[in-house]
Amino acid sequence: MRIGVNVPNFGPGTNPGVLRSWAQTVEGLGYDLLMVSDHVAITSDVAEQYPAPFYEPFTTLAWLAGSTTRIGIGTTVLIVPYRHPLLVARMAANLNDLSGGRLVLGVGIGWARQEFEALGAVYERRGKVTDEYLAAIRAAWADEDDYRSGGGVPIWVGGGSEAGLRRAVRYGEGWHPLRNTLPWLREHWSRLKEIAAEEGRPVPALTPRILLRITDEPLAERRAGEGTIEQVMADLEELRLLGAEAVVLDPFHTEPDETLHPEAAWEMLAAVAARRA
């Protein structure tokens, strides 16, 4: 099972040097994936959680690919309705080609209504548009002579609704739910398998993103990835036994000022890496 890290590409502590340090730290600790998030217009609803500066994911990943040598790179998640599908298809294919085939394209439908309005996108149609755009991206990648290396980019589809699970089955190599509990993951993983059988399609790989928050004392009520290091490692083992192909650890909790002190996140990541060795 591969383990990745969601690197904050936003917030008051984020700058090119910090991003490079994140990438080199994560790769140096032996993690398998380095992933970043996506916002385009930092409207007030976005800024409450993910304030400026916000580094655009494709640009950031292209730069970080040159600062690393081995680690996979990806989006967790790219908001599909924000960009023309042919632009996404070309940027993703080019980035995958330039990075030596290291890209994972995690995608979602988005949640920030004000950002949709700022970009002239229709919030109420975001699910349908995402389906249409993913189909268009796949169709573009079928032209390997033009969209070089596009066909080699795995798509991880986020979302836990019935529509989101069907989207993952129809368009994804992986299902990429974000920051849930283990009981929730088990229940929805079972439902996704049922949907795949109904659709007559392969079951996408289980590739969740989970919180990483290590505490001194055990937690009773918690999401996957929260608690003592023993609880965190037990969660990772349970996900492995559940069949997860990859798990992305998210060390950003809720406060933007956390980005001013990345060392705290690096210590947690080092603790997990030491237990994996």
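Being a predicted model, the structure only gives us computed values, none of them experimental.

As for the overall build of the chain
Consideration 1: Scanning the chain from N- to C-terminus turns up 10 helices and 11 strands.
Consideration 2: For a compact globule of 277 residues, the expected C-alpha radius of gyration is about 19 Å, and the chain comes in at 18 Å, within 12% of that figure.
Consideration 3: Seen through its principal axes, the chain has C-alpha atoms that stretch 50 × 45 × 35 Å.
Consideration 4: For the chain, the share of sequence-separated contacts (at least 6 apart) that also reach a separation of at least 24 residues comes to 72%.
Consideration 5: Summed over all atoms, the accessible surface of the chain reaches about 11,800 Å², with 51% contributed by carbon and sulfur.
Consideration 6: Charge-centre separation for the chain: the mean point of 27 positive side chains lies 4 Å from the mean point of 37 negative side chains.

As for the side chain of aspartate 235
Consideration 1: Along the chain, the position of aspartate 235 falls in helix α9 (residues 229-242).
Consideration 2: Look past the residues within four positions of aspartate 235 in its chain and what remains in contact with it is Leu182, Arg222, Arg223, Ala224, Gly225 and Glu226.

Focus: helix α6 (residues 126-141)
Consideration 1: Given a rise of 1.5 Å per residue, 16 residues ought to cover 22 Å, and the 22 Å separating the end C-alpha atoms of α6 matches this to within 8%.
Consideration 2: Buried residues of α6: Arg126, Gly127, Val129, Thr130, Leu134, Ile137, Ala140 and Trp141, and no others. The buried side chains of α6 occupy one side of the element, clustering within an arc of 150 degrees when seen end-on. For α6, exposure combined with an orientation more than 90 degrees from the buried face picks out Lys128 and Ala139.

A few points about the sheet that holds strand β1 (residues 2-6)
Consideration 1: Read across the sheet, nine strands follow the order β7-β6-β5-β4-β3-β2-β1-β11-β8 without closing on themselves; strand pairing throughout is parallel. Each edge of the open sheet carries a strand with a single partner, namely β7 (205-206) and β8 (209-211).
Consideration 2: Sheet strands in contact with helix α7 (residues 162-171) are β5 (155-157) and β6 (174-175), and its direction is about 165 degrees off that of β5.

Describing the packing of α7 against helix α8 (residues 182-199)
Consideration 1: Remark: α7 packs on α8, axes separated minimally by 9 Å, with the N-to-C direction vectors making an angle of 55 degrees. With respect to their mutual orientation, α7 and α8 come out oblique. For the element pair α7 and α8, the recorded crossing hand is right-handed. Contact residues: α7 offers Glu162, Leu165, Arg166, Ala168, Val169 and Arg170, while α8 offers His188, Arg191, Leu192, Ile195, Ala196, Glu198 and Glu199.
Consideration 2: By residue class, the composition of the contact of α7 with α8 is six nonpolar, one polar and six charged.

So, the pattern of salt bridges
Consideration 1: This structure, assessed with the given rule, holds 27 salt bridges.
Consideration 2: Between arginine 201 and glutamate 199 there is a salt bridge, with its nearest N and O atoms 3.9 Å apart.
Consideration 3: What makes arginine 201 partly exposed here is its relative accessible area of 39%.
Consideration 4: The class for glutamate 199 is partly exposed, based on a relative accessible area of 23%.
Consideration 5: Within this structure, Glu162, Arg166, Arg170, Arg191, Glu194, Glu198, Glu199 and Arg201 form a network of salt bridges that share partners.

Topic: the UniProt feature "domain: Luciferase-like" (unreviewed entry) in the chain
Consideration 1: The residues that UniProt annotates with the feature "domain: Luciferase-like" (unreviewed entry) are residues 2-207.
Consideration 2: For residues 2-207, the end-to-end C-alpha separation is 9 Å, with 45% helix and 15% strand making up the annotated structure.

Some points on the side chain of asparagine 180
Consideration 1: Relative to the helices and strands, asparagine 180 resides in the loop between β6 and α8.
Consideration 2: Here asparagine 180 is in contact with Leu185, Arg223 and Ala224, once residues within four sequence places are set aside.

Examining the environment of arginine 90
Consideration 1: On the secondary structure map, arginine 90 appears in helix α4 (residues 85-98).
Consideration 2: Residue arginine 90 is classed as partly exposed on the basis of its relative accessible area, which comes to 32%.
Consideration 3: Those residues within four positions of arginine 90 in sequence are excluded, and the remaining contacts are Asp146 and Tyr147.
Consideration 4: Here aspartate 146 takes part through its side chain, which lies 3.1 Å from a polar atom of the side chain of arginine 90.

Rules used in this analysis
- Residues numbered from 1 in each chain as written.
- Predicted model: local features only at pLDDT ≥ 70, side-chain atom pairs only at ≥ 80, totals over all residues.
- Heavy atoms only, no water.
- Helix = DSSP H or I, 4+ residues; strand = E, 2+ residues; numbered from the N terminus.
- Rg over C-alpha atoms; globule rule 2.2 N^0.38 Å.
- Contact = heavy atoms within 4.5 Å.
- Areas by Shrake-Rupley, 256 points an atom, 1.4 Å probe, with all protein chains shown as cover.
- Lys, Arg positive; Asp, Glu negative; His and termini not counted.
- Charge placed at Lys NZ, Arg CZ, Asp CG, Glu CD.
- Expected span 1.5 Å × (residues − 1).
- Buried < 20%, exposed > 50% of the residue type's maximum accessible area, 1.4 Å probe, protein only.
- Arc of directions from axis to C-beta.
- Pairing = 2+ DSSP bridges.
- Axes fitted to C-alpha atoms, helices over the stretch in contact; angles between N-to-C directions.
- Parallel < 35°, antiparallel > 145°, perpendicular 65-115°, else oblique.
- Left-handed = near helix turned anticlockwise from the far one by under 90°.
- Nonpolar A, V, L, I, M, F, W, Y, C, P; charged D, E, K, R; others polar.
- Salt bridge = Lys/Arg side-chain N within 4 Å of Asp/Glu carboxyl O.
- UniProt positions renumbered as here; feature names shortened; annotations may be inferred.
- Polar contact = N/O pair within 3.5 Å; in protein donor to acceptor, adjacent residues only side chain to side chain.

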